[in-house]
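# A closer look at the structure
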Amino acid sequence: MATIDEYGKYETAWCPGCGNFGILNALKQALVSCGLLPHQVLLVSGIGQAAKTPHYLNANVFNGLHGRSLPAAQGAKLANPELTVIAQSGDGCMYGEGGNHFLAALRRNLDLTILVHDNRVYGLTKGQASPTSEQGFVTKAQPHGAASEPFNPVAVAVTMGASFVARGYAGFLDHLADLMAQAVKHRGTALVDIMQPCVSFNKINTYKWYKEHCYQLTEDYGPTDRDQALRTALEFGERIPLGVIWKTEKPLFEDRFPVLKQGPLFKQELNKEALRKVMTGYM
Amino acid sequence: MPQDVNIVIGGEAGQGLVTIGQLLSKVLVRAGYEILVTQGYQSRIRGGHNTFAVRVSTERRLAPRGSIDILVALNRETIDLHREQLTEKGRIITDSGFASDAADTIGAPFTDLGPERLWNTVAFGLLGNILGLPPDMLFQAVEGMIGKKHPETLPENKEILDKSYQWATAHVPQDLFTMSGGQDQGDRLMLNGNDAIALGALAGGVRFCSFYPMTPSTSIALNLITHADVMGVVVEQTEDEIAAVNMAIGASFAGAPSMVVTSGGGFALMVEGISLAGMTETPLLVVVGQRPGPATGLPTRTEQGDLEFVLHAGHGEFPRAVYAPATLESCYRLTQTALQTSERYQTPVFLLTDQFLADSYRAIPPFDVEKISPVRTGTDQHLGPQRYKRYTVTESGISPRLLPGVPDHLVVADSDEHYEDGHITEDLEVRVAMVDKRLRKLQGLQGEVLPPGYDGEGSVDLLLVCWGSTLGPVKEAVAVLRQQGRNSACLHFEQVWPLIPAQFLDFLASAKKVVCVEGNATAQFAGLIRRETGFAVSAHVLRYDGLPFTARYILDRLPI
Ligand SMILES: Cc1ncc(C[n+]2csc(CCOP(=O)(O)OP(=O)(O)O)c2C)c(N)n1
Ligand code: SF4
């Protein structure tokens, strides 16, 4: 049985009070509750403060490029479908630099989890607006306030019919851990967009602000009703709903490859007889 | 004298010229001749001027020829565009409607011989006759191509074929280009460069390929897709090239020998990923099929203009190897070598080809499947009880590579500078140790460089230096020079990085004159040689009009 201790404790490079701490703890808790051992888990991240998270717990890690966690995560999953693959990064990384990959990953629907530490600002590069920053959000790079309207990842994912879409909050640890566990167990690409306070660069969306705005969806909310899910997903302002907003069952992308039914690619030997036949086809 | 006939079929896309060319190629191969097929097409699906050229010979030919013996013109434009290329004996075969009464033109009554939709059969019958190919072989080829899909059309096709053949017997001089001396060579593979690369990739153990379509490389991926299920390969067309390279790196990290295939513009998008493979020490085969740039350039033509780009692509410093195949055989062989090198040195390795090599066909003896040694990853997964460190500093710079997902160890890879265990660090001493470790792999790579091929004896008056697909035309040019009594030689590089001066400097230094022949405007390879050896070649023959080199093109421009 896995325990929290097995996932280790590490010093981090985060600011004291950062929302990332809550997310890290929730992640460990979720992995334990899923009964996963560290060697079964592959965390794939991009670049940013959030993307450092995989360095702070025991697991296999591929910390790739800014914006590119999803392609690398999908490649790894396709090479070894037995791995539990979690792509993890900030909102800038996933929705900005990696926006095209985000859409494509939702469309493919591999069995993997996407955790987005959504602090609505670029942390690592010191406070520029991100795709999810509020319109008017003032930064050194946007002195007149962010001009573009914010991206609503949850609404986009529901609209696209992604297979699992949830929103959590770094300040509600148990609730978040439960959402992460559901996402990991879900067969399909599961998005958890996580509201994350950045104490250094986002003075608008603070712990206090989130406490005032976030509410948890109750038991009687049915995440399989598409119309309701769309309405809920579009609700983002005065009140921000947390919980599993939409889920459905869809065919897995990897199931379309007969070869993957035989397990990880590295375990399979080359079939010379088949190759000989392939060559004969060119005669 | 070996026989050597160059047939060019020209017309609009959609007129069936490819069908004629393919039928003809099949018959010529079956009759035991050597062929080289090149296609010139514009970047559009219908219309435009397109050509299908078959050079047939009793000897192996690796280069196209500029001059034409038989020009099959399916439209008037073809005649206008190519008449000047006709050899002295050369003939134009065309519909009498387009024909002038020039002596070099054979105006056949295409309309009487068959309906327009079957003019390809008419042209095939005429051609078969002029080349002296037996009629039953011609029909067998037609049967082979359409018999399965449209058996009901066979009788009509046969009738038209016979009629056209007989018309030619009656109206065309029978000794113009009659082929003889074909050798029975058993069943041969009919491949183009991209087919050979795909077969090489399969034989080399590739398990994963991601790509975004781009001429001239797409058909490598299409080949792999065709065989994916039986060969156990996962191929994915991604949302863009950035995804393609990062996905392949992820797959390789998790244990699948992986490749991407692309061309200049797509490769430009992959460049950050190349650096990631270098930093994370993830094996990756990158096939770059060159076409003329900058930007979109001439999408369907050829060039060797991306050598410097591929040599330097990726920020930061990390080792790499670059192979540049010349022939189908070397496409197949070097793809396997590249996969092995990449796996052994855990770094990106490149195969640099071009549109000419990618798209030109020859018939070659089947490859020996028994001889292959495909890459396997993760065969030794147990290091014992110590904590696994993905980037253990070693003398060779190569760290033992375990795969994620196996009990008892964790694998941590990072694009940030990292400790031996793979975790992020900004410790500057570790930084230096890691840079040194990664670059030490270059020494091993240098020890395995394939020496350039030298074709010549002793010191020569004229040495032609080339790389990649330019070998064929250069060899042919050298043969002509030798016939003219000029003491000349060819030095060809099939690995263009790293370069080991000791392997070739003597050849350069001992030749009276050294000319570098390459398909770009700035003499990139000559520049590389100079940078690495200090040796300056005496002259260049460069080509960058989008067309492949021919022996004649080179001979006409040699500073003699
Ligand atoms: C290609 C590329 N462009 C830019 C950067 C610089 N960069 C690093 S992290 C980052 C944004 C970080 O914001 P986010 O992804 O939201 O993560 P956070 O730090 O807020 O957790 C940027 C722009 C980079 N590393 N790579
Ligand atoms: S900058 Fe913001 S997101 Fe980054 S560690 Fe500090 S508080 Fe957290």
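Everything that follows concerns the structure shown earlier in this document.
Here is a short report on the structure shown in this document. Within any chain, residue numbers begin from 1 and follow the written order of that chain's sequence. Here every chain gets a letter starting at A, and every ligand a number starting at 1, in the order they are written. Where totals are concerned, whole chains, interfaces and linings use all residues; where local detail is concerned, this predicted model gives features only for residues with pLDDT of at least 70, and gives and counts side-chain atom pairs only at 80 or more. The side-chain figures draw on all heavy atoms in the structure; neither hydrogens nor water molecules are used.

### Looking at the site of ligand 1
- In this text, near means that some heavy atom of the residue lies within 4 Å of the molecule or strand in question. Not every one of the 17 residues close to ligand 1 is listed here, only the nearest: A:Gln49, A:Ala50, A:Gly92, A:Cys93 and A:Gly123.
- Close to ligand 1, residues of chains A and B are found.
- A distance of 3.0 Å separates an oxygen atom of ligand 1 from a polar side-chain atom of A:Asn119.
- One of the backbone N or O atoms of A:Val121 is found 3.2 Å from an oxygen atom in ligand 1.
- Note on areas: Shrake-Rupley with a 1.4 Å probe; residue coverage comes only from the protein chains shown. In the complex, the protein chains occlude 78% of the 590 Å² of accessible area that ligand 1 would expose alone.
- The dominant element in the shell around ligand 1, judged by the number of residues it contributes, is helix 3 (residues 91-97) of chain A, at 4 residues.
- Taken together, the residues of the shell around ligand 1 sort by class into 6 nonpolar, 8 polar and 3 charged. Counting of polar contacts relies on pairs of N or O atoms within 3.5 Å, with two restrictions inside protein: one atom must be capable of donating a hydrogen and the other of accepting it, and residues adjacent in sequence are counted only when both atoms are side-chain atoms. Strands here mean DSSP runs of E at least two residues long; helices mean DSSP runs of H or I at least four residues long; both are numbered from the N terminus. Three categories are distinguished: nonpolar for Ala, Val, Leu, Ile, Met, Phe, Trp, Tyr, Cys and Pro, charged for Asp, Glu, Lys and Arg, and polar for the others, with Gly belonging to the last.

### A short note on helix 9 (residues 272-280) of chain A
- If you check which residues of helix 9 of chain A are buried, you get A:Ala274, A:Leu275, A:Val278 and A:Met279. Down the axis of helix 9 of chain A, the buried side of the element spans an arc of 140 degrees, and every buried residue falls inside it. Here's how the labels work: a residue is buried when its accessible area is under 20% of the maximum for its type, exposed when over 50%, partly exposed in between, all with a 1.4 Å probe on protein chains only. Taken from the helix axis, the directions to the C-beta atoms give the arc we talk about.

### A word on the sheet that holds strand 5 (residues 164-169) of chain A
- If you trace the 9 strands from one edge of the open sheet to the other, you get 7(A)-8(A)-5(A)-6(A)-4(A)-3(A)-1(A)-2(A)-15(B), paired in mixed fashion. If you trace the sheet from one side to the other, it starts and ends with strand 7 (214-216) of chain A together with strand 15 (412-414) of chain B, each paired once. The sheet shows a mean angle of 20 degrees between the axes of neighbouring strands, direction not considered.
- Bridging between strand 1 (residues 41-45) of chain A and strand 3 (residues 84-90) of chain A involves 5 bridges; their strand directions are parallel. Bridged to A:Ser45 within strand 3 of chain A is A:Gln88.
- Sheet strands in contact with helix 6 (residues 173-185) of chain A are strand 3, strand 4 (113-118), strand 5, strand 6 (190-195), strand 7 and strand 8 (240-247) of chain A, and its direction is about 160 degrees off that of strand 5 of chain A. Note on pairing: two strands pair once DSSP finds at least 2 bridges between them. Only the contacting stretch of a helix is used when fitting its axis, a line to C-alpha atoms as for every element, and angles between N-to-C directions run 0 to 180 degrees. Contact definition: two residues touch when any of their heavy atoms are within 4.5 Å.

### Considering empty space enclosed by the protein
Residues and elements named next belong to chain B.
- The pocket and cavity definitions rest on a 1 Å grid over protein atoms only: a 1.4 Å probe that fits but cannot leave marks a cavity, an open set with protein on both sides within 12 Å along at least five of seven lines marks a pocket, and residues lining either have an atom within 4 Å of a point. Grid points are joined across faces, edges and corners, and a volume is the space filled by probe spheres set on the points. Counting across every chain of the model gives 5 cavities of 30 Å³ or more.
- If you go around the largest cavity, you meet 13 residues; those closest to its centre are Thr302, Ser469, Thr470, Pro548 and Phe549.
- For the lining of the largest cavity, the residue count by class is 5 nonpolar, 5 polar and 3 charged.
- In this entry, domain limits derive from an automatic or database-based domain assignment. If you count residues domain by domain, the lining of the largest cavity takes at least three from each of domain 2 (190-371) and domain 4 (453-557).
- Here the second largest cavity is characterised by a volume of approximately 90 Å³.
- Taken together, Leu36, Leu62, Ala326, Thr327, Leu328, Phe356, Leu357, Ser360, Arg362, Ser469 and Gly472 make up the full set of residues lining the second largest cavity.
- A class-by-class count of the residues in the lining of the second largest cavity yields 6 nonpolar, 4 polar and 1 charged.

### Describing the site of ligand 2
- Near ligand 2 the following residues occur: A:Trp14, A:Cys15, A:Cys18, A:Gln49, A:Asn119, A:Gln196, A:Cys198, A:Val199, A:Ser200 and A:Phe201.
- Among the residues making up the shell around ligand 2, the classes are represented as 6 nonpolar, 4 polar and no charged.

### Here's the deal with the interface of chain A and chain B
- Taken residue by residue, the interface counts 49 residues in chain A and 68 residues in chain B.
- Throughout, buried area stands for the accessible area (probe radius 1.4 Å) lost by two parts on being put together, summed over both. Between chain A and chain B, the buried area comes to about 5000 Å², and carbon and sulfur atoms account for 66% of it.
- Between Lys or Arg on one side and Asp or Glu on the other, a salt bridge is scored when a side-chain nitrogen of the former is within 4 Å of a carboxyl oxygen of the latter. Our count for the contact surface shared by chain A and chain B stands at 5 salt bridges.
- Inspection of the region where chain A meets chain B yields 21 residue pairs in polar contact (both at pLDDT 80 or more).
- Where the side of chain A that touches chain B is concerned, the elements lending two or more residues are strand 2 (60-63), helix 2 (69-79), helix 4 (99-108) and helix 9 of chain A.
- Looking at the side of chain A that touches chain B, the element that brings in the most residues is helix 2 of chain A, giving 7 residues.
- Partitioned by chemical class, the residues of the side of chain A that touches chain B number 29 nonpolar, 13 polar and 7 charged.
- As paired elements, strand 2 of chain A and strand 15 of chain B share 3 bridges and run parallel to each other. For A:Val61, the partnering residue across the bridge sits in strand 15 of chain B and is B:Val412.

### Side note on the sheet that holds strand 20 (residues 513-518) of chain B
Residue and element names in this part refer to chain B.
- Strand order in this open sheet of 5 strands is 16-18-17-20-21, and the pairing throughout is mixed. The sheet terminates laterally at strand 16 (453-455) and strand 21 (539-542), the two strands that pair on one side only. Within this sheet the neighbouring strands show an average axis-to-axis angle of 20 degrees, counted without direction.
- Two elements, strand 17 (residues 462-467) and strand 18 (residues 488-493), share 6 bridges in a ladder whose sense is parallel. When the sheet's bridge partners are listed, leucine 463 is paired in strand 18 with alanine 489.
- Along the sheet, helix 15 (residues 471-483) contacts strand 16, strand 17, strand 18 and strand 20; its crossing angle with strand 18, the most-contacted strand, is approximately 170 degrees.
- Running at roughly 130 degrees to strand 20, helix 17 (residues 524-533) makes contact with strand 17, strand 18, strand 20 and strand 21 of the sheet.

### Focus: the pairing of strand 1 (residues 4-13) of chain B
All names here are of chain B.
- With 8 of its 10 residues buried, strand 1 lies for the most part within the structure.
- Bridge count between strand 1 and strand 4 (residues 68-73): 4 bridges; the pairing is parallel. If you follow glycine 10 over to strand 4, its bridge partner there is alanine 73.

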